[in-house]
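This is what each chain is made of:
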Amino acid sequence: QLSQTRNDFGINFYYKLETVHRTGSFKERGALNALQKLPRDKKKIGVVLASLGNQAIGLCHCARLLGIPVVVVMPDNVPLIKLQLCKNLGAKVIVEGNDLQEAQKHARFIARDKGLSYINGRDHPDVLTGYGGVALEIMEQVPNVDAVLVPVGTGGLIAAVATVIKHIKPSCLVYGAQSEVIPTFFESLEKGQPVTKPMQHSLADGIAMPYVGVNAFYNALPLVDRMILLKEDWIARSILYVVEKERFVIEGAAACAVAPILNSLVPELKTKTVVCILSGGNIDATLLNRSLERGLASLGRMIKFKVGIRADSAAMAELHKLLSEGGYNVIRQFMDHIWVEDEIHYVEVKIVCQLRDLQHAIQLKRMIEKAYPKTAIFETEPLNDKHMCPCYLKK
């Protein structure tokens, strides 16, 4: 899918829409290949895997088509929508462990105990082979491609894509992108060997991995041209951008592929033809809402501030008149009385406003600080001021 706003960035970029698969991500490509490769007797007994969601959903879908029993082990922090999807597809779901590594240990134990085939959904050779179909389709549909941007977690997708791309068109660049919160693959490539990082939460939850896949890493090591680290705000902005401008719902991992373009991190790709792999769209509704709001806040289009005003209707009407005349839309409002000394007659008003852009936000800050010079505090970057006085000083 050709981007509708490519001219804004000087890059002719396309989206590889892996989000439109039946299960919402590219993972079913690898799952189907791995299941088809199983011996007939193993298919009858069934398989077990550990997953944060997308891999399990893809495998459960393919296994149901092939009539293969599935046990899925998920950590206790997995998004509920992904857990429920696995159940709806007929899998037996077991919640075990605080993270994917603990879930994998339990899955391997079940495999030994029950005689099931354990599938490492992130590093099994047959799974990685299946992912190569993404690159084959890119080369078929956009043969003049100059670069491919890939979200990176344990590295399975970028290893498969780089292997195929570099074999067919060695001059094509392959860039990986992941959150700076947990830069496991980035540091592994820098050191030339797999590293392990403490688990951290990220908007790109599907690729927030504390380790890399060994097979994936050593296949990707000589082929990946560059790894890009992304701030969480950049990922949020990218989710917002793709939803607003392109009308696609994507998860944080997929947003990592387009974030380098939207945040001007790849100037060397100006005038080039680029493909961004949107790896999945299975985002929890609550997380999607938080991501969109964080994206709006980072662009100055949603601002949170508080002021101290007199505890009467006239003062409240005066505040709302200021906001209305400035064209500001109040999203949320909360009032809190301060029961300290003679401040009983004052109330703290916390407001979240929607604005047009950063310039509109700056105008709001100036207007509110002029009207309430001693009590106004803006809590949203880049307008916040940590050195301001506490809210409740006498006017």
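Everything numeric here is computed off the predicted structure, so don't read it as measured data. (Residues numbered from 1 in each chain as written. Predicted model: local features only at pLDDT ≥ 70, side-chain atom pairs only at ≥ 80, totals over all residues. Heavy atoms only, no water.)

> Would you take a moment to explain a nonpolar patch on the surface for this structure?
There is a patch of nonpolar side chains on the surface, built from Leu 32, Leu 65 and Leu 66 and spanning about 270 Å² of accessible area. Take Leu 65: it is sitting in helix H3 (residues 54-66). Residue classification places Leu 65 among the exposed positions, given a relative accessible area of 63%. (Patch = residues over 30% accessible without salt bridge, like charges linked within 9 Å, V, L, I, M, F, W, Y side chains within 5 Å. Areas by Shrake-Rupley, 256 points an atom, 1.4 Å probe, with all protein chains shown as cover. Salt bridge = Lys/Arg side-chain N within 4 Å of Asp/Glu carboxyl O. Helix = DSSP H or I, 4+ residues; strand = E, 2+ residues; numbered from the N terminus. Buried < 20%, exposed > 50% of the residue type's maximum accessible area, 1.4 Å probe, protein only.)

> Teacher, can you tell me more about the nonpolar core here?
Membership of the largest hydrophobic core comes to 56 residues, with the highest contact counts inside it found for Leu 35, Val 70, Val 148, Val 161 and Phe 185. Broken down by element, the residue count for this core peaks at 8 residues, all from helix H7 (residues 156-168). Viewed by domain, this core spans two of them, domain 1 (2-23 + 125-296) and domain 2 (29-118), each represented by three or more residues. If we skip the residues at most four places from it in the chain, Val 148 touches Ile 138, Val 161, Ile 165, Cys 172, Leu 173, Val 174, Tyr 175, Val 275 and Ile 277. Core analysis: the second largest hydrophobic core is formed by 45 residues, Phe 9, Ala 259, Leu 262 and Leu 265 among them. (Core = buried A, V, L, I, M, F, W, Y, C linked by side-chain atoms within 4.5 Å. Domains from an automatic or database assignment. Contact = heavy atoms within 4.5 Å.)

> What am I meant to see in the pattern of salt bridges here?
One side chain can pair with another of opposite charge once the charged atoms of both are near each other. Per the counting criterion, the structure on display carries 19 salt bridges. In this structure, the salt-bridge partner of Lys 166 is Asp 225, at a minimum N-O distance of 2.8 Å. Linking Lys 166 in helix H7 with Asp 225 in the loop between helix H9 (214-220) and strand E8 (226-230), this pair joins segments that are 59 residues apart in sequence. The salt bridge involving Arg 301 is made with Glu 244; its shortest N-O contact spans 2.8 Å. Pair noted here: Arg 301 is in the loop between helix H12 (285-298) and strand E10 (302-310) and Glu 244 is in helix H10 (residues 232-246), with a separation of 57 residues, a long-range link. Residue class for Glu 244 comes out partly exposed when judged on its relative accessible area of 30%. Counted as one network, the salt bridges with shared partners bring together Lys 304, Lys 306, Glu 348, Lys 350 and Glu 379.

> Could you clarify how one ought to interpret the pairing of strand E3 (residues 70-74) in this entry?
The side chains of a regular strand alternate, first on one face of the sheet and then on the other. Of all 5 residues making up E3, 5 are buried, and the element is well covered by its neighbours. A two-sided burial pattern is seen for E3, the buried positions comprising Val 70, Val 72 and Met 74 on one face and Val 71 and Val 73 on the other. Relative to E3, strand E2 (residues 47-50) is paired through 4 bridges, and the arrangement is parallel. Opposite Ala 50, over in E3, you have Val 73 as the bridge partner. Of the crossover connections in this fold, the one passing from E2 over H3 to the parallel E3 is right-handed. Of the strand pairs in this sheet, E3 and strand E4 (residues 92-95) are connected by 4 bridges, and their pairing is parallel. Looking at the pairing, Val 73 lines up with Ile 94 of E4. (Pairing = 2+ DSSP bridges. Right-handed = clockwise from strand over helix to strand, strands pointing away.)

> Would you mind showing me how to read the UniProt feature "domain: Tryptophan synthase beta chain-like PALP" (unreviewed entry) in the chain here?
The residues that UniProt annotates with the feature "domain: Tryptophan synthase beta chain-like PALP" (unreviewed entry) are residues 6-280. Helix makes up 45% of residues 6-280 and strand 16%, and the two end C-alpha atoms of the span are 21 Å apart. (UniProt positions renumbered as here; feature names shortened; annotations may be inferred.)

> How should the state of the cysteines be read in this particular structure?
Disulfide: a covalent bond connecting the sulfur atoms of a pair of cysteines. Counted by the stated rule, this structure contains 0 disulfides. Cys 86 forms no disulfide, and the closest cysteine sulfur to it belongs to Cys 60, at a distance of 4.3 Å. Looking at Cys 86, the relative accessible area reads 0%, which means it is buried. Here Cys 172 is not disulfide-linked; the sulfur of Cys 276 is the nearest cysteine sulfur, at 12 Å. On the basis of relative accessibility, which here comes to 1%, the residue Cys 172 falls in the buried class. (Disulfide = S-S within 2.5 Å.)

> Explain the sheet that holds E4 here, please?
With parallel pairing, 4 strands are arranged side by side in an open sheet as E4-E3-E2-E5. Whereas interior strands pair on both sides, the edge strands pair on one side only; in this sheet they are E4 and strand E5 (117-118). Contacting E2 and E3, H3 runs over the sheet at an angle of about 170° to E3. (Axes fitted to C-alpha atoms, helices over the stretch in contact; angles between N-to-C directions.)

> How should the packing of aromatic side chains be read in this particular structure?
All told, the structure shown has 8 aromatic pairs when counted by the stated rule. Centre to centre, the rings of Phe 13 and Tyr 15 are 5.6 Å apart; their planes meet at 90°, and the pair counts as edge-to-face. Take Phe 13 and Tyr 15: they sit in the same class, and that class is buried. Relative to Phe 378, the ring of Phe 305 has its centre 5.1 Å away and its plane inclined at 25°; by these criteria the two rings are stacked. With Phe 305 in strand E10 and Phe 378 in strand E13 (residues 377-378), this residue pair connects regions lying 73 residues apart in the sequence. Classification of Phe 305 by relative accessible area gives buried; the value is 0%. For Phe 378, a relative accessible area of 1% gives the class buried. (Phe/Tyr/Trp six-rings, centres within 6.5 Å; stacked < 30°, edge-to-face > 60°.)

> Help me understand the domain arrangement of the chain in this model?
One frequent convention defines the size of an interface as the accessible area lost when the parts assemble. Considered domain by domain, the chain is made up of domain 1 (2-23 + 125-296), domain 2 (29-118) and domain 3 (300-392). On the side of domain 3, 4 residues touch domain 1, which itself brings 4 residues to the contact. Both sides together, the interface formed by domain 1 and domain 3 hides about 460 Å², and carbon and sulfur atoms give 42% of it. The largest per-residue losses of area from domain 1 upon contact with domain 3 belong to Glu 244, Glu 293 and Leu 296, which jointly make up 93% of the total buried on that side. The interface formed by domain 1 and domain 3 includes 2 salt bridges. (Buried area = accessible area lost by both parts, 1.4 Å probe.)

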